[in-house]
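What the coordinates show
The lines below spell out each chain.
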Amino acid sequence: MSLLTPNPGLIFWMLVVFLMVVFILAKFAWKPIIKGLKDRENKIQGALDLAERTKAEMIQLKSDNEKLIAEANAVRDKILRDAKEAADKTILESKDKAAVEAQKMIETARESIRNEQQLAVSKIRKEVATLSLEIAEKVLHRELKDKEAQEKLIADLASSAHLN
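From a predicted model like this one, the values you see are computed outputs, not experimental measurements. Every chain is numbered on its own, with residues counted from 1 as its sequence reads. Local features in this predicted model are restricted to residues of pLDDT 70 or higher, and side-chain atom pairs are both shown and tallied only at a pLDDT of 80 or more, whereas totals for entire chains, interfaces and linings draw on every residue. By convention in this description, side-chain values take in all heavy atoms of the structure and omit both hydrogens and water.

**Here we look at the overall build of the protein chain**
Counting its secondary structure elements, the protein chain contains three helices and zero strands. By definition, any uninterrupted DSSP run of H or I lasting at least four residues is a helix, any uninterrupted run of E lasting at least two residues is a strand, and each is numbered from the N terminus. For the protein chain, the succession of helices and strands along the chain, N to C, is α-α-α. Over its C-alpha atoms the protein chain spans a radius of gyration of 36 Å, topping by over 25% the 15 Å that the globule rule assigns to 164 residues. For the protein chain, the C-alpha atoms occupy an extent of roughly 125 × 35 × 30 Å along the three principal directions. Residue burial is assigned from relative accessible area. The probe radius is 1.4 Å, only protein chains are included, and a residue is buried under 20% of its type maximum, exposed over 50%, and partly exposed in between. Looking at the protein chain as a whole, 10% of its 164 residues qualify as buried. Looking at the protein chain alone, contacts between residues at least 24 apart form 61% of all its contacts between residues at least 6 apart. With residues, only the protein chains shown are counted as cover, and all accessible areas are computed by Shrake-Rupley using a 1.4 Å probe. Looking at the protein chain as shown, the accessible area adds up to about 14300 Å², and 64% of this sits on carbon and sulfur atoms. A radius of gyration in this sense is built from C-alpha atoms; the matching globule rule multiplies 2.2 Å by the number of residues raised to 0.38. The contact criterion used is simple: two residues touch if any of their non-hydrogen atoms lie within 4.5 Å.

**Notes on the packing of aromatic side chains**
Each Phe, Tyr or Trp ring, with Trp reduced to its six-membered ring, pairs with another whose centre is within 6.5 Å; inter-plane angles below 30 degrees give stacked pairs, above 60 give edge-to-face pairs, and intermediate values give tilted ones. Evaluation of the coordinates by the stated rule reveals one aromatic pair. A ring pair is formed by Phe 12 and Trp 13, whose centres lie 5.2 Å apart and whose planes are at 75 degrees; its orientation type is edge-to-face. Residue Trp 13 is classed as exposed on the basis of its relative accessible area of 54%.

**Considering the pattern of salt bridges**
Definition used for salt bridges: Asp or Glu carboxyl oxygen within 4 Å of a side-chain nitrogen of Lys or Arg. Taken as a whole and assessed by the stated rule, the structure comprises six salt bridges. Here Lys 78 and Asp 82 are joined by a salt bridge, their closest N and O atoms 3.1 Å apart. Placement of both Lys 78 and Asp 82 in helix H1 (residues 8-93) is noted, with a separation of four residues, approximately one turn of the helix. For Lys 78, a relative accessible area of 44% corresponds to the partly exposed category. The class of Asp 82 is partly exposed, set by a relative accessible area of 35%. Of the charged contacts, one joins Glu 107 and Arg 110 as a salt bridge, the two residues approaching to 3.8 Å between their closest N and O atoms. Taken together, the residues span about one helical turn, with Glu 107 and Arg 110 both in helix H2 (residues 95-143) at a distance of three residues.

**Section: the confidence of the model for the protein chain**
Known as pLDDT, the predictor's confidence for each residue is given on a scale from 0 to 100. Here the protein chain shows a mean pLDDT of 86. Residues at 70 or above account for 92%. Within the protein chain, helix H3 (residues 147-160) has the poorest average pLDDT of any element, 78, and H1 the best, 91.

**Details of H3**
One fewer than the residue count of a helix, multiplied by 1.5 Å, yields its expected span. Counted at 1.5 Å a residue, the expected span for H3 with its 14 residues is 20 Å, and the 20 Å between its end C-alpha atoms agrees. Taken across its 14 residues, H3 has zero buried, putting it largely on the surface.

Here it is, written out as structure tokens:
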């Protein structure tokens with residue numbers, strides 16, 4: 001029964017030891033823990049900011065792509081319009097000669113449009129690839145500072161690779 005009744009001396013020493021533990025924790029442990037939490041919060045905020053900037057860049061790229069496509073369509077329309085006018089003019093001069101000339105001009109215009117579209121698409125792809133690589137390089141540089149993270153990434157990539 002003596003274990004269940006409180007002893008004032010035991011309570012006093014338990015209080016003293018408890019206060020010493022609280023003091024030691026406050027002096028040595030809480031500051032590094034709080035600093036670690038703040039560092040992690042800053043790192044997470046940085047990653048969120050990077051994601052926002054990346055999203056804004058992708059929106060800008062999409063807008064630029066749409067402008068390039070609209071310009072390519074306008075050029076295509078102009079080339080087709082010019083080719084049709086030339087074909088009509090040639091038809092008035094000579095029916096036989098006009099049929100051959102118009103076909104050549106339309107094919108040239110279409111090939112030119114295809115070439116310009118392919119050039120515009122390849123330029124856009126190169127820009128997107130370059131920006132993607134730069135972003136990936138920055139992200140990987142930040143995320144793979146230690147050797148363990150690098151080895152884990154290599155293992156994940158190797159396991160997900162499809163061998164033909």
